[in-house]
Amino acid sequence: MNQSKVVIIGGGLAGLTAAIHLRKLNIPVALIEKNSYPKHKVCGEYLSNEVLPYWQWLNISIEELKPTHINQLQFSTVSGKTINTNLPLGGFGVSRYALDYYLYQKAIADGCEIVHESIEKIHFTDDVFTITTATETIIKSKIVLGAFGKRSNIDIQLNRNFIQKKSPWLAVKAHYNGDFPNEVVGLHNFKGGYCGVSKVEDNRINICYLASYETFKKHRDSDLYQKEVLEQNPHLKNIFQSTKLLFEKPLTISQISFEQKRPVESHILMIGDTAGLIHPLCGNGMAMAIHSAKIAAEVIDDFLKEKIKSRTALEQIYAQHWNKNFKRRLRIGRLLSNILLRPKLSNMAFRIVMIAPFLLPMIIKKTHGKPIKISA
């Protein structure tokens, strides 16, 4: 039987960042992750510069991964009408394959225990969590952070509300070779979804799209869907026809839910996509995951130092911080998605922005945060 002050379930951006932060505070951490590293993930792989001050404080040097630096957005409608604008804060492109592995190595170097197993059961009693893995390893902990992604068997075990509903979304991602500007992130609308295009390290182009299952199921596979649906947008047609697929086949995930989630469930503090998922069109999911890890690490530190006097207060304070930072952004993301997926509304919004182009940077700011302040 192992014992740790904090257990983190899930080793993605949020989980690894939380582990690094907690270890900087000399708090014992065990991180449980069922997969090995490095590993490709379905992700837009664009990160807002808002995370840079926080990462600098954590001694995370993103420049070691040679990311692309992005400062422009190109948006197009289904018919190919285009708007270009500067990104108010800017960002960078880096693959999850490189970034997660880098954070994993730093977490180990900082003294985090990594357990490569899947979770069988989580039980909370007498103010202690008991976690049982698939190989019957038992880990006890005072605090558990949930960082197990968009959708997990653990969500089913916890009987979370969103998991009861079928989600109409799936996502497809792959890397390509070809010409694409380093400084641009493209967001291209198509019937039933939207597609993000941007460069990551090693001159690779990441193409990741979100599609409604209703439109996707009419086609036999992603290749046909790409040709018969995505390429109706002339910008996407040009991109796909001038690039070469680097993966054996694109990665696909289904049942992506944008339903509201609670940031605390069964006394587990949820971070990253486990706490709430913003529509990929907002380009801010990675930054939100990292910021949520910071919020969780700080309140845990206060709790362990007895500045927060009870578990009830811990959960309430974390939920308040999470809602203050992210609830409005998630709501705006859902609104933008509803507009983009309705052709008449989308065209109307496009005409308004063409008349008043200053509105687009203002909309972008509503879905992005300010540079993350360091309180320590």
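Our structure's up above, just so we're on the same page.
Just so it is clear, the model here is predicted, and its values are computed rather than measured.

1. Some details on the packing of helix α1 (residues 13–24) against helix α3 (residues 96–109)
Orientation of α1 relative to α3, taken along the N-to-C sense of each, is 25 degrees, at an axis distance of 9 Å. Here α1 is positioned roughly parallel relative to α3, judged by the angle of their axes. Crossing handedness for the pair α1 and α3: left-handed. On the side of α1, the interface is formed by L13, L16, T17 and I20, while α3 contributes R96, L99, D100, L103, Y104, K106 and A107. For the contact of α1 with α3, the residue count by class is 7 nonpolar, 1 polar and 3 charged.

2. Notes on the environment of K344
Along the polypeptide, K344 turns up in helix α10 (residues 343–355). Taking the relative accessible area as the measure of exposure, K344 reaches 74% and is therefore exposed. Sequence separation between K344 and L25 is 319 residues; the distance between their C-alpha atoms is 52 Å.

3. Observations regarding the packing of α1 against helix α8 (residues 285–304)
It is at 8 Å that the axes of α1 and α8 come closest, and there the two elements cross at 35 degrees. In the packing of α1 onto α8, the handedness of the crossing is right-handed. Contacts between α1 and α8 involve L13, A14, T17, A18, H21 and L22 on the former and, on the latter, M286, A289, I290, S292, A293, K294, A297, E298 and I300. For the contact of α1 with α8, the per-class residue count stands at 10 nonpolar, 3 polar and 2 charged.

4. A closer look at α8
A rise of 1.5 Å per residue sets the reference length of α8, with its 20 residues, at 28 Å; its end C-alpha atoms lie 29 Å apart and thus fit the reference within 8%. Burial analysis of α8 places 16 of its 20 residues in the buried class, which makes it a mostly covered element. Phi for E306, located one or two positions after α8, is positive at around 65 degrees.

5. Quick word on the side chain of E33
Counting through the fold element by element, E33 comes out in the loop between β2 (29–32) and β3 (46–48). Buried charge without a salt bridge: E33, with K41 as the nearest opposite-charge side chain at an N-O distance of 5.5 Å. Of the polar contacts made by the side chain of E33, one reaches the backbone nitrogen of G11; its length is 2.7 Å. Sequence-distant contacts of E33, that is, excluding residues within four places in its chain, are made with G10, G11, G12, V115, H116 and E117.

6. Examining the pairing of strand β13 (residues 205–212)
Of all 8 residues that make up β13, 8 are buried, and the element is covered over most of its length. Sheet topology note: the strand β12 (residues 193–199)/β13 ladder contains 7 bridges and is antiparallel. Counterpart to G193 in the pairing with β13 is A211. The antiparallel pairing of β12 with β13 creates a hairpin that spans 5 residues between the two strands, and D202 there sits at a positive phi of about 60 degrees.

Calculation rules
Residue indices begin from 1 for each chain and proceed along its sequence in written order. Given that the model is predicted, a residue must reach a pLDDT of at least 70 before its local features are reported, and side-chain atom pairs must reach 80 or more before they are shown or counted; all residues, however, enter totals for whole chains, interfaces and linings. For side-chain calculations, the full set of non-hydrogen atoms in the structure is used, while hydrogens and water are omitted. For every element, the axis is a line fit to its C-alpha atoms; helices are fit only across the contacting stretch, and the angle between N-to-C directions ranges from 0 to 180 degrees. Working definition: helices are DSSP H or I runs of at least four residues, strands are E runs of at least two. Numbering for both runs from the N terminus. Working definition: roughly parallel below 35 degrees, roughly antiparallel above 145 degrees, roughly perpendicular at 65 to 115 degrees, and oblique for all remaining angles. Working rule for handedness: look at the near helix, and if it is turned counterclockwise from the far one by less than a right angle, call the crossing left-handed; if clockwise, right-handed. Pairs of residues are marked as contacts when any of their non-hydrogen atoms sit within 4.5 Å. All residues other than Ala, Val, Leu, Ile, Met, Phe, Trp, Tyr, Cys, Pro, Asp, Glu, Lys and Arg, Gly among them, are scored as polar; the first ten of these are nonpolar and the last four charged. With a 1.4 Å probe rolled over the protein chains alone, any residue whose accessible area is under 20% of its type maximum counts as buried; one over 50% counts as exposed, and the rest are partly exposed. Under the convention used throughout, the expected extent of a helix is 1.5 Å for every residue step, that is, one less than its residue count. Charged residues are defined here as Lys and Arg on the positive side and Asp and Glu on the negative side; His and the ends of the chain fall outside this count. Basic side-chain nitrogens of Lys or Arg form a salt bridge, by our definition, when they fall within 4 Å of a carboxyl oxygen of Asp or Glu. Here a polar contact is taken to be a pair of N or O atoms separated by no more than 3.5 Å, where protein atoms must pair a possible hydrogen donor with a possible acceptor and residues adjacent in sequence count only if both atoms sit in side chains. Between any two strands, pairing holds if DSSP finds at least two bridges.

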